[in-house]
Amino acid sequence: TGGVGTADAVEMALNGGSLKVLAALTVNLENQSGAITIDSVASSGGSVILKSSGNIADAGDMNVADITAMTGLDLASTSGSIGALDIEMSSGSRVRATASGNIQLRELTGTMLVQRVESTGGKAILTSDGGIVDGLGTNDVDVIGGAGIELRASSGAISPTFKAAWWCSELKGL
């Protein structure tokens with residue numbers, strides 16, 4: 001009937017093994033040492049917020065939701081990559097993710113609403129079994145990829161108001 005770290009993030013040091021959390025409300029965790037390997041993290045009535053000093057990765061199962069969030073998803077890796085993660089969001093939930101490495105997220109059902117996805121040194125790869133749209137409806141850039149962007153929508157559209165930016169920090173061989 002409650003959440004995990006609803007008012008303030010629960011700090012942890014996950015050094016091996018995988019993470020499994022089930023909560024009725026918000027899940028808010030910060031891994032201060034190493035990577036987070038997700039077995040499953042689910043909030044049946046709140047947001048999921050995961051921050052890690054290292055990678056945030058899938059424990060290995062395919063086509064099963066690694067993260068289920070009803071009101072929003074916020075992922076941050078300060079010195080690693082995010083993904084490949086299968087996510088399941090409610091119809092109004094937005095995705096936000098930042099990492100220095102690659103970000104790879106797949107919405108299993110429905111449309112992915114992107115608030116902002118930013119990979120400063122890797123690719124941003126977003127896949128949806130529905131569409132991919134601007135989650136805020138603003139003129140701001142929705143996806144930034146330091147080494148490229150890949151968007152795949154298998155049964156929906158990529159919104160015409162969706163904005164993506166790619167840059168490289170160095171040009172060679174010109």
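Whatever comes next refers back to the structure up there.
Computed from a predicted model, the values in this text were never measured in an experiment.

(A) Region of the structure containing the nonpolar core. Grouped together as the largest cluster of nonpolar side chains are 33 residues, with contacts concentrated most on Leu19, Leu50, Ile67, Leu75, Ile82, Leu105 and Val117. Considering every element that reaches this core, the biggest residue donor is strand β9 (residues 82-89), with four residues. Leaving out residues up to four positions away in the same chain, isoleucine 82 has contacts with Ile56, Leu75, Ala76, Ser77, Ala97, Thr98, Ala99, Asn102, Ile103, Gln104 and Leu105.

(B) Spotlight on the environment of leucine 29. Note that leucine 29 resides in strand β3 (residues 27-31). Sequence separation between leucine 29 and glycine 5 is 24 residues; the distance between their C-alpha atoms is 6.6 Å. Setting aside chain neighbours within four positions, we find leucine 29 in contact with Val4, Val10, Met12, Leu19, Val21, Ile49, Leu50 and Lys51.

(C) Spatial organisation of the pairing of strand β12 (residues 112-119). Here six bridges tie strand β10 (residues 94-99) to β12, and the two strands are oriented parallel to one another. Pairing of alanine 97 across the sheet is with valine 117, part of β12. The pairing of β12 with strand β14 (residues 132-134) spans three bridges and is classified as parallel. Following the sheet pairing, leucine 113 is matched in β14 by valine 133. Inspection of the sheet shows β12 paired to strand β15 (residues 143-145) by three bridges, in the parallel sense. Bridge pairing in β15 places valine 117 opposite valine 143.

(D) Summary view of the side chain of asparagine 31. Within the element layout of this structure, asparagine 31 appears in strand β3. At 2.7 Å, the side chain of asparagine 31 and the backbone nitrogen of leucine 14 are in polar contact. A polar contact of 3.1 Å, which involves the side chain of asparagine 31, links it to the backbone oxygen of glycine 34. If sequence neighbours within four positions are ignored, asparagine 31 has contacts with Met12, Ala13, Leu14, Ile36, Lys51, Ser52 and Ser53.

(E) Unusual backbone geometry, seen in detail. That bond from glycine 83 to alanine 84 is cis: its omega, 5°, falls within 30 degrees of zero. Mapped onto the elements, alanine 84 comes out in strand β9.

(F) The arrangement of the pattern of salt bridges in detail. Taken as a whole and judged by the stated rule, the model has six salt bridges. A salt bridge links aspartate 129 to arginine 106, with the nearest nitrogen and oxygen atoms 3.2 Å apart. Taken together, the residues aspartate 129 in the loop between β13 (123-128) and β14 and arginine 106 in strand β11 (residues 103-107) connect sequence positions 23 residues apart. Aspartate 129 gets classed as partly exposed once you look at its relative accessible area, which sits at 24%. In this structure, lysine 123 engages glutamate 150 in a salt bridge whose closest nitrogen and oxygen atoms are separated by 3.2 Å. Separated by 27 residues along the polypeptide, lysine 123 in strand β13 and glutamate 150 in strand β16 (residues 148-153) bring together distant segments of the chain. Each member of the salt-bridge network shares a partner with another, and the members are Asp86, Arg106 and Asp129.

Reading guide: rules and limits
Residues numbered from 1 in each chain as written. Predicted model: local features only at pLDDT ≥ 70, side-chain atom pairs only at ≥ 80, totals over all residues. Heavy atoms only, no water. Core = buried A, V, L, I, M, F, W, Y, C linked by side-chain atoms within 4.5 Å. Buried < 20%, exposed > 50% of the residue type's maximum accessible area, 1.4 Å probe, protein only. Helix = DSSP H or I, 4+ residues; strand = E, 2+ residues; numbered from the N terminus. Contact = heavy atoms within 4.5 Å. Pairing = 2+ DSSP bridges. Polar contact = N/O pair within 3.5 Å; in protein donor to acceptor, adjacent residues only side chain to side chain. Salt bridge = Lys/Arg side-chain N within 4 Å of Asp/Glu carboxyl O.

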